[in-house]
Amino acid sequence: MCVSVGMVPAILNQAPATAQPRFIYARFESVNYPRRYIRHRNFQGYVEPISTNLDELDSSFRIRTGLADPNCISLESKNFPDYFLRHQNFRIVLSSNDGSTLFRKDATFCPKTGLSSKGGTSYESSNFPGYYIRHRDWELWLDKFNGSRLFRDDASFLRRPTP
């Protein structure tokens, strides 16, 4: 899925003026490991299969306008409101929004056309350009792009609707 960064705010605000803001929830499936989704478990980021109701909740994220950049996004947990995926020491974790500038930057990712030839979307760090959300050993990390095919696949995800 190609995402035009300039389209992000328009996608998020597609509700009539009189309606409540529309929440967009999604799941993010690994391109190279189908049926494994980005999720949080014990406040750490992973890619894992979904088999229980808790797995479904832990893998569902509200797509928000980027906390540090309105042209990017932030991913808020569906089952832990005001907790966002962020990077901390290059590990992707789920943390409570403390309102700090650092938190806002660490929790903002810019969608890019998927690095993988298999498609999808890749998510580049707002405050560490050239670093992307990537899975390795089923854990989510923020890693510097190294150009390899494995990295390209590990850093590409397909956005899926939540049930």
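Whatever comes next refers back to the structure up there.
Residues numbered from 1 in each chain as written. Predicted model: local features only at pLDDT ≥ 70, side-chain atom pairs only at ≥ 80, totals over all residues. Heavy atoms only, no water.

1. Considering the overall build of the protein
And then number 1: Within the protein, the regular secondary structure consists of 4 helices and 12 strands.
And then number 2: Taken across its 163 residues, the protein has 44% of its residues classed as buried.
And then number 3: Within the structure as shown, the protein displays about 8100 Å² of accessible surface, and the carbon and sulfur contribution to it stands at 51%. (Helix = DSSP H or I, 4+ residues; strand = E, 2+ residues; numbered from the N terminus. Buried < 20%, exposed > 50% of the residue type's maximum accessible area, 1.4 Å probe, protein only. Areas by Shrake-Rupley, 256 points an atom, 1.4 Å probe, with all protein chains shown as cover.)

2. As for the nonpolar core
And then number 1: Residues Phe28, Ile38 and Phe157 are the most contacted members of the largest nonpolar core, which totals 18 residues.
And then number 2: Residues within four places of Phe28 in sequence aside, it is in contact with Arg36, Tyr37, Ile38, Phe61, Ile63, Leu75, Tyr123, Phe157, Leu158 and Arg159. (Core = buried A, V, L, I, M, F, W, Y, C linked by side-chain atoms within 4.5 Å. Contact = heavy atoms within 4.5 Å.)

3. As for the packing of aromatic side chains
And then number 1: The tally for this structure, following the rule as stated, stands at 11 aromatic pairs.
And then number 2: Relative to Tyr123, the ring of Phe28 has its centre 5.7 Å away and its plane inclined at 85°; by these criteria the two rings are edge-to-face. On the criterion of sequence distance, the pair formed by Phe28 in strand E1 (residues 25–30) and Tyr123 in strand E9 (residues 121–125) is long-range, its members being 95 residues apart. In terms of burial, Phe28 and Tyr123 fall into one category: buried.
And then number 3: Through successive ring pairs, a cluster of aromatic residues spans Phe43, Phe80 and Tyr83.
And then number 4: Its guanidinium or amino end placed over the ring of Tyr37, Arg27 lies 5.8 Å from that ring's centre, counting from NZ or CZ.
And then number 5: For Arg91, the ring lying beneath its charged end belongs to Trp141, and the centroid distance is 5.4 Å. (Phe/Tyr/Trp six-rings, centres within 6.5 Å; stacked < 30°, edge-to-face > 60°. Lys NZ or Arg CZ within 6 Å of the ring centre and 35° of its normal.)

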